[in-house]
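Commentary on secondary and tertiary structure
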Amino acid sequence: MKLSLISLLFLAGNLTSCAQNDSTATIKEVEAKLKNGSTSVSGILSDKKYLALHPATAFRELIKKYCTDDILVITSADEPGKKIKVLCTVKGEDGLPVSNALVYLYQTDARGWYAADAPHVGGNEGDIRHARLFGYVKTNKNGQFELHTTKPSGYPRSDLPAHIHIHFEAPGFQSYGTEFLFDDDDRLVGTIREQAIQNKFLVAKPEKTAAPFQQQFSYTVTMTK
């Protein structure tokens, strides 16, 4: 039986509406869990059940609202790629720790993709706002935070090195954005390495760590007032 164009449009509209309703309901479920403390930001971000929500603005705002200075986990246990631990210390120009700074970060996956089904989410601005692998965390009283993730890869058909985009905000300090790069990256050589240093991106060497991590990287960030 052939369906008319009107019938097809009606069916498509109903399917879209159902998907939106399901998404809204799931976001409310996430908020309830975060609000009553039955799970954490890391618990939500590492749960495959909520993976489809990651690009959604409303979901990301919840992650921002309920983030803490606990260890931040942004990948599920079976996310492909090398498991890494990232340690960061945030200081002021006086060398004192910057506590309670809000940190936003996002990265590509092991394929070099920001989206689940494509390298980019509609350009740079889309990547910033909707990258699949992302998180919010706060620095503790010592100005530190810890991230558990998979090591990103550089973009496909590009010579840019792998990196984690990271942005800091703290009362009394200027907002600051930079990139965390990896010293053992095969792409981080020659003029590309020189340009990364000129751009004041931060490069860290891999350190020994314990399972389940395969590498650990430590960075120090200085914020200015």
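Everything quoted here is computed from the prediction, not taken from an experiment. Along every chain, residues carry numbers that run from 1 in the direction the sequence is written. Reporting of local features is limited, given that this is a predicted model, to residues whose pLDDT is at least 70; pairs of side-chain atoms are given and counted only at 80 or more, and all residues count toward the totals for whole chains, interfaces and linings. Water and hydrogen atoms were dropped before computing side-chain values, which therefore reflect all heavy atoms in the structure.

Looking at the sheet that holds strand β9 (residues 215-223)
Here, strands pair whenever DSSP counts at least two bridges between them. Counting from the N terminus, the helices are the DSSP runs of H or I reaching at least four residues and the strands are the DSSP runs of E reaching at least two. As summarised here, the arrangement of the four strands in space is β1-β5-β2-β9, forming an open sheet in which the pairing is mixed. The outermost strands of the open sheet, each flanked by one partner alone, are β1 (72-73) and β9. Here seven bridges tie strand β2 (residues 83-92) to strand β5 (residues 144-150), and the two strands are oriented antiparallel to one another. Residue pairing across strands places isoleucine 84 opposite threonine 149, the latter belonging to β5.

Examining the confidence of the model for the protein
A residue's pLDDT is the predictor's confidence in that residue, given on a scale from 0 to 100. Across the protein, the average pLDDT comes to 91, with 91% of residues at 70 or higher. A contact between two residues is defined here by any heavy atoms of the two lying within 4.5 Å. Here residues 7-19 is modelled with pLDDT under 50, and outside its nearest four sequence neighbours on either side it reaches one contact, counting other chains as well.

Thoughts on the layout of surface pockets
The volume enclosed by the largest pocket comes to roughly 270 Å³. Of the two site types, the cavity is a set of points on a 1 Å grid over the protein atoms alone where a 1.4 Å probe fits but cannot get out, and the pocket is an open set with protein on both sides within 12 Å along at least five of seven lines, each lined by residues with an atom within 4 Å of a point. Lining the largest pocket are 13 residues, with Glu61, Tyr104, Ile128, Arg129 and Tyr136 positioned closest to its centre. At the level of secondary structure, the elements contributing two or more residues to the lining of the largest pocket comprise α3 (57-65), β3 (102-107), α4 (124-130) and β6 (163-169). Element by element, the count of residues in the lining of the largest pocket is highest for α3, at four residues. When the residues that make up the lining of the largest pocket are grouped by side-chain class, the tally is five nonpolar, three polar and five charged. Grid points are joined across faces, edges and corners, and a volume is the space filled by probe spheres set on the points. Residues were grouped as follows: Ala, Val, Leu, Ile, Met, Phe, Trp, Tyr, Cys and Pro as nonpolar; Asp, Glu, Lys and Arg as charged; and all remaining residues, including Gly, as polar.

Some details on the environment of proline 119
Position of proline 119 among the secondary structure elements: in the loop between β3 and α4. Measuring from C-alpha to C-alpha, the distance between proline 119 and lysine 91 comes to 33 Å, with 28 residues separating the pair along the chain. Those residues in contact with proline 119, other than ones at most four positions away along the chain, are Gly112, Trp113, Tyr114 and Pro156.

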